[in-house]
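Analysis of the macromolecular model
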Amino acid sequence: MKKWLLRIVMTVFALLMIAVVGFVVYAQFDYEPSATLAEKVDLDAIESDGEGLIFQPKSPNGKGVILYQGAKVEKEAYAYLGQSLSEQGFVVSIPQLPLNFGILGSGTAADVIDEHSEVEEWFLGGHSLGGVAASFYSEDPSPKLSGLYFLGAYPASDFSSSGLPMLSIYGERDGLSTVEAIEESRELFSNNSVFVEIEGGNHAQFGLYGEQKGDNPAEIPAIEQQDQVVEALVEWINES
């Protein structure tokens with residue numbers, strides 16, 4: 001009887017190890033920054049700190065933006081967003097998340113906020129599963145968190161009784177976080193939420209890493225979608 005129990009335990013352990021190894025291998029095949037990004041941003045000139053990429057503005061406005069990457073997307077793919085937001089006066093952090101999966105490092109924002117004590121207000125969000133991870137942290141956040149935003153994403157839990165300012169930016173052509181899914185998620189957002197649809201935008205163009213499996217083709221250029229994201233974020237932050 002004991003031998004059978006031992007065999008069962010060893011079998012379960014072996015299956016778990018196979019699953020872990022398989023996940024780690026799967027996570028290594030990431031979406032890398034596209035040629036479009038290289039044309040717009042000098043990646044070699046971007047400052048890096050213990051958390052990941054950091055963009056320091058020439059004229060700080062006392063506010064900061066933290067952006068969690070989408071699953072398996074390298075953080076550099078969001079460098080155009082980071083650079084563009086920093087030009088508006090924001091300190092911008094794009095952290096390095098474990099295995100490029102936001103849900104494995106949802107609390108990373110706490111380290112960023114502690115590291116940059118000069119920033120008075122923070123706005124946290126993310127793309128796709130990065131947005132889900134941001135919502136995990138926002139359930140018990142730092143007092144400095146002033147808003148939560150989503151790029152082709154929606155919260156994992158119910159914020160309907162919260163007064164936290166929230167922003168949802170979604171693409172009309174998104175094949176993963178579809179317009180229908182965004183509409184169905186509205187009841188999870190706080191009563192202080194803004195929704196912005198990007199006409200012709202899709203899922204992958206919230207970053208600059210090329211096409212993504214399961215997504216629909218965009219009807220606008222990637223940089224145009226990115227510029228609309230920046231415009232919507234800046235307007236929302238300034239009004240929050």
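Residues numbered from 1 in each chain as written. Predicted model: local features only at pLDDT ≥ 70, side-chain atom pairs only at ≥ 80, totals over all residues. Heavy atoms only, no water.

1. A look at the nonpolar core
We apply this condition: For this analysis, a nonpolar core means a set of buried residues of the types Ala, Val, Leu, Ile, Met, Phe, Trp, Tyr and Cys, connected via side-chain atoms within 4.5 Å. Partly exposed residues are those whose accessible area sits between 20% and 50% of the maximum for their type, while under 20% is buried and over 50% is exposed, using a 1.4 Å probe and protein chains only. Per the convention used, a helix needs a DSSP run of H or I reaching at least four residues, while a strand needs a run of E reaching at least two, with both numbered from the N terminus.
Counting 37 residues, the largest nonpolar core has Tyr78, Leu85, Tyr149, Leu151, Ile169, Val229 and Leu233 as the members making the most contacts within it. Listed by contribution, the elements that provide at least two residues to this core are β2 (52-55), β3 (63-68), α3 (79-86), β4 (91-95), β6 (145-151), β7 (166-171) and α7 (222-239). Ranked by residue count, the leading element in this core is α7, at 9 residues. Of all hydrophobic cores here, the second largest spans 22 residues; its members include Tyr68, Val91, Ala133 and Ala134.

2. Observations regarding unusual backbone geometry
A positive phi angle, near 70 degrees, is found at lysine 72, a position not held by glycine. Its relative accessible area of 10% is what places lysine 72 among the buried residues. Positive phi outside glycine occurs at serine 128, with the angle close to 55 degrees.

3. Digging into the sheet that holds β7
What counts, and what does not: Two strands make a pair as long as DSSP finds a minimum of two bridges between them. In this analysis, two residues are considered to be in contact whenever any of their non-hydrogen atoms come within 4.5 Å of each other. In this description, a line fitted to the C-alpha atoms serves as the axis of each element, helices being fitted only across the stretch in contact, and the angle between N-to-C directions of two axes falls anywhere from 0 to 180 degrees.
With mixed pairing, 8 strands are arranged side by side in an open sheet as β1-β2-β4-β3-β5-β6-β7-β8. Every other strand in the sheet has two partners, leaving β1 (47-48) and β8 (193-198) as the edge strands with one partner each. As paired elements, β3 and β4 share 3 bridges and run parallel to each other. The residue of β4 that forms the bridge with glycine 64 is valine 91. Lying on the sheet, α3 is in contact with β2, β3, β4 and β6; it crosses β4 at an angle near 165 degrees. On the sheet, helix α5 (residues 129-137) packs against β3, β5 (121-127) and β6 and is oriented at approximately 140 degrees with respect to β5.

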